[in-house]
Amino acid sequence: MSDAVPPAPAPAVGIADAAWHRVHPLTPAVRSWQIIAVLLVIVVQDTGQSVLQQATGGETGRGDGIPWLGVGAVALVVGALASALLLAVSWRMTRYRVTAEALELQHGVVVRRQRRARLDRLQAVDLVQPLAARIFGLAKLKLEVAGGSGSSIELAYLTDVQARQLRNHLLAAAAGLHYETPHAPEAPERLVAEVPVQRLVASLVLDTGAISGVVLALAIIIGGVLAAGPGALAALFPVALGVVTVFWRRFSSGFGFTIGISPDGLRLRHGLLEHRAQTVPPGRVQAVRLVQPLLWRRTDWWRVVVNVAGYAGRGDDQRTENELLPVGTRAEAIALLALVVPDLGLDPGDDAMAVVGAGLVGDSRAPDGYLTAPSASRWVDPIAWRRNGVRVTHEVLLVRRGRLRRRLDVVPHARTQSVAVTQGALQRALGVASLHVHSTAGPVDPVVPHLQAHAAARLLQDQAVRARRARKLALPERWLE
């Protein structure tokens with residue numbers, strides 16, 4: 001009998017055929033509607049101002065103002081045709097292919113660009129369907145690759161079926177799986193949590209940041225009316241519109257939010273006008289934060305956000321991409337934490353729920369195993385100094401802080417990028433210092449403020465050693481091989 005190793009299965013044909021393909025022919029039509037909408041807004045605004053000035057007897061500076069409606073329509077048509085032509089040429093110059101190792105994309109009209117996403121560096125795959133794309137049954141794929149800001153690749157647009165098949169293949173290939181069939185089957189999924197619409201609306205109303213924005217906007221509007229009279233309302237309209245826009249974006253992005261778990265990772269689905277289906281593979285989460293605003297305490301709601309290599313967006317993009325749970329119960333938040341960080345590395349006698357619970361709501365008045373800030377730190381942080389603390393386990397670093405806005409950060413040692421200690425002049429006089437744990441770009445920025453200086457220095461040295469040791473023992477990128 002021969003002990004020869006059987007040959008590896010041949011790569012599947014169909015998706016990973018290494019041949020160049022074009023995106024869907026309707027891609028220019030889906031992309032052009034945004035340009036047309038912008039042109040339409042400009043024309044309507046300009047024409048409306050002319051009509052309003054004529055109705056009030058003011059000077060328009062453009063004849064009688066009404067003929068400009070026809071000129072604006074002509075300009076709209078010309079602009080739409082020019083943009084459609086440019087987008088059609090761009091579609092012709094865009095192509096992609098999938099090999100056994102990477103996805104490659106070539107695009108650009110004046111300047112040709114070629115992007116390559118290695119599958120073993122794949123961090124997450126999002127399937128996004130804007131409203132216009134949903135009308136035509138299209139979707140785009142957004143691949144997040146380790147490498148920081150600007151490393152993502154967007155493939156737009158494919159049919160919904162093609163996009164889902166390609167996503168399944170990419171996730172399977174990134175996990176180290178190979179199939180003999182042309183299309184990788186979609187992994188089974190189990191629902192973990194969902195956000196009811198009533199809870200989402202209530203969370204937006206009770207968010208202290210949103211309330212502060214509304215109060216500030218009302219103060220500006222009332223002050224403007226008192227200073228300049230009712231005529232100032234038109235000038236202050238953008239302020240009110242900005243507040244409404246912020247609320248709408250948060251509601252729209254969190255609408256229908258569901259979280260599922262499957263062998264290829266966490267699956268997040270959400271969005272009212274723009275549907276987004278995110279898949280975050282296991283082990284790609286670099287840091288986790290559980291947040292509770294002040295007015296959420298009565299209902300004990302929490303928000304969960306993460307750092308994922310490649311998700312380095314800012315503003316609304318970061319809030320959408322890095323959010324695991326916009327609002328949920330404490331049990332749901334802890335369950336998500338257990339999914340993305342399955343092993344807290346506690347000693348056999350420790351209770352995981354007690355350790356996490358102390359991080360969520362505990363402080364220095366009750367001994368709970370956290371290293372806390374000394375009483376001298378009250379001079380630099382009089383409100384939250386009792387909350388500030390850190391606990392180190394065999395696998396993770398747990399950082400708690402915030403009195404009015406509670407936060408618990410969990411950073412696996414293997415995902416620690418670097419550590420640093422900072423000490424200002426007042427901190428130096430009080431003998432305290434802050435420890436900074438650097439993760440990948442994202443909303444989680446773990447800081448242990450105002451520890452005793454010698455304790456912070458010791459933590460710095462110990463955490464650097466733990467991080468090096470954990471990285472050597474970390475699982476391979478292809479986690480199912």
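Shown above is the structure to which this text applies.
Summary of the structure given here. (Residues numbered from 1 in each chain as written. Predicted model: local features only at pLDDT ≥ 70, side-chain atom pairs only at ≥ 80, totals over all residues. Heavy atoms only, no water.)

### Remarks on the side chain of R167
Rules: Each helix is a run of H or I in the DSSP string that is no shorter than four residues. Each strand is a run of E no shorter than two, and both are numbered from the N terminus. Relative accessible area decides the class of each residue, using a 1.4 Å probe on protein chains only: under 20% of the type maximum gives buried, over 50% gives exposed, and in between gives partly exposed. Contact criterion: two residues are considered in contact whenever any of their non-hydrogen atoms come within 4.5 Å of each other.
As for its position among the elements, R167 is in helix α4 (residues 160–174). The class of R167 is buried, set by a relative accessible area of 1%. Every residue in contact with R167, bar those within four places of it in the chain, is listed here: V125, L127, L141, E186, A277 and T279.

### What to know about the sheet that holds strand β6 (residues 153–159)
Short version of the rule: DSSP calls a pair of strands paired once it identifies at least 2 bridges connecting them. Under this scheme, a helix contributes an axis fitted over its contacting stretch, all axes are lines through C-alpha atoms, and angles between N-to-C directions fall in the 0 to 180 degree range.
Taken together, seven strands build an open sheet; the order of strands is β6-β5-β4-β10-β9-β8-β7 and the sheet is antiparallel. Each end of this open sheet is capped by a strand with a single partner; those strands are β6 and β7 (190–194). Averaged over all neighbouring strand pairs, the angle between strand axes comes to 20°, with direction disregarded. As paired elements, strand β5 (residues 138–145) and β6 share five bridges and run antiparallel to each other. Across the sheet, L141 pairs through a bridge with L155, a residue of β6. Across the sheet, α4 touches β4 (122–129), β5, β6 and β10 (275–280), and the angle it forms with β4 is around 170°. Helix-sheet contacts for helix α9 (residues 330–340) involve β7, β8 (258–262) and β9 (265–270), and the interaxial angle to β7 is about 135°.

### Comments concerning the packing of aromatic side chains
Describing an aromatic ring pair means giving the distance of the ring centres and the angle of the ring planes. Let me state the cut-off plainly: Here a Phe, Tyr or Trp ring, Trp counted by its six-membered ring, pairs with any other such ring whose centre lies within 6.5 Å, and the pair is stacked when the planes are under 30 degrees apart, edge-to-face when over 60, and tilted otherwise.
For the coordinates displayed, the defined rule picks out three aromatic pairs. Their ring planes at 40° and their centres at 6.0 Å tell us that W248 and F251 sit as a pair that is tilted. Of the two residues, W248 and F251 are both situated in helix α7 (residues 233–254); the distance of three residues between them amounts to about one turn of the helix. When its relative accessible area of 40% is taken as the criterion, W248 is described as partly exposed. The interplanar angle of 80° and the centroid separation of 6.4 Å between the aromatic rings of W296 and W301 together place this pair among those described as edge-to-face. We note that W296, like W301, is buried. Of the aromatic side chains, those joined through ring pairs into one cluster are W248, F251 and F255.

### A look at the nonpolar core
For clarity, the threshold we go by: Nonpolar cores were defined as sets of buried Ala, Val, Leu, Ile, Met, Phe, Trp, Tyr and Cys residues, with membership established by side-chain atoms within 4.5 Å.
Counting 40 residues, the largest nonpolar core has I259, V288, L324, V341 and V410 as its most contacted members. If sequence neighbours within four positions are ignored, V288 has contacts with V304, V305, V306, L337, V340, V341, L408, D409, V410 and V444. Core analysis: the second largest hydrophobic core is formed by 26 residues, V98, A117, L127 and I153 among them.

### Let's talk about the environment of D350
Filter applied, for reference: We call two N or O atoms a polar contact when they sit within 3.5 Å, provided that within protein one can donate a hydrogen and the other can accept it, with sequence-adjacent residues counted only if both atoms are side-chain atoms.
Take D350: it is sitting in the loop between α9 and α10 (352–361). Residue D350 is classed as partly exposed on the basis of its relative accessible area, which comes to 30%. Expressed as a C-alpha distance, the spacing of D350 and G369, which sit 19 residues apart in the sequence, is 10.0 Å. A distance of 3.3 Å separates polar atoms of two side chains, one belonging to D350 and the other to R391.

### Comments concerning α4
We count it as follows: A helix's residues, less one, multiplied by 1.5 Å, set its expected span.
Between its first and last C-alpha atoms α4 spans 21 Å; for 15 residues at 1.5 Å apiece the expected length is 21 Å, and the two agree. Among all positions of α4, only A163, L166, R167, N168, H169, L170, L171, A172, A173 and A174 are buried.

### Thoughts on the packing of α9 against α10
We count it as follows: In this scheme the crossing of two helices becomes right-handed for a clockwise turn of the near helix relative to the far one and left-handed for an anticlockwise turn of less than a right angle. Ten residue types, Ala, Val, Leu, Ile, Met, Phe, Trp, Tyr, Cys and Pro, are classed as nonpolar, four, Asp, Glu, Lys and Arg, as charged, and the remainder, Gly among them, as polar.
For the pair α9 and α10, interaxial distance at closest approach is 12 Å and the crossing angle is 115°. Where α9 crosses over α10, the two elements pack in a sense that is right-handed. Contact residues: R330, I334 and L337 in α9; M353, V356, L360 and V361 in α10. Of the residues in the contact of α9 with α10, the class split is six nonpolar, no polar and one charged.

### As for the pairing of β8
As judged from the four bridges shared by β7 and β8, these two strands associate in the antiparallel manner. The partner of R190 across the bridge, within β8, is I261. As paired elements, β8 and β9 share five bridges and run antiparallel to each other. Bridging from a neighbouring strand, I261 pairs with L266 of β9. Where β8 folds back on β9, the antiparallel hairpin that results is connected by two residues.

### Focus on a positive patch on the surface
How we decide: The patch calculation keeps residues exceeding 30% relative accessible area without a salt bridge and links them within 9 Å when they carry like charges or within 5 Å when they are nonpolar (Val, Leu, Ile, Met, Phe, Trp, Tyr). For the accessible areas, the method is Shrake-Rupley and the probe is 1.4 Å, while residue cover comes only from the protein chains on display. Throughout this description, the term salt bridge denotes a Lys or Arg side-chain nitrogen within 4 Å of a carboxyl oxygen of Asp or Glu. Just so you know, the count uses Lys and Arg for positive and Asp and Glu for negative, and it drops His and the chain ends. Just so you know, the charge point we use is NZ for Lys, CZ for Arg, CG for Asp and CD for Glu.
Together, R22, R92, R95 and R112 line one region of the surface with positive charge. Here R92 is to be found in helix α2 (residues 68–92). Overall, R92 belongs to the exposed group, its relative accessible area being 52%.

### Description of unusual backbone geometry
That bond from A156 to Y157 is cis: its omega, -5°, falls within 30 degrees of zero. Structurally, Y157 is set in strand β6. The phi angle at A18 is positive, at roughly 65°, despite the residue not being glycine. Within the element layout of this structure, A18 appears in the segment before α1 (27–55).

### Re the pattern of salt bridges
All told, the structure shown has 23 salt bridges when counted by the stated rule. Residue E104 is joined to R97 by a salt bridge in which the shortest nitrogen-to-oxygen separation is 3.2 Å. With a relative accessible area of 7%, E104 lands in the buried category. Classification of R97 as partly exposed rests on a relative accessible area of 23%. The shortest N-O distance in the salt bridge between R199 and E332 comes to 3.1 Å. Here E332 lies in helix α9 and R199 lies in helix α5 (residues 197–205), a separation of 133 residues in the sequence. Classification of R199 by relative accessible area gives buried; the value is 16%.

### Section: the side chain of R303
With respect to the element layout, R303 can be found in strand β12 (residues 301–308). A distance of 2.6 Å separates polar atoms of two side chains, one belonging to R303 and the other to E323.

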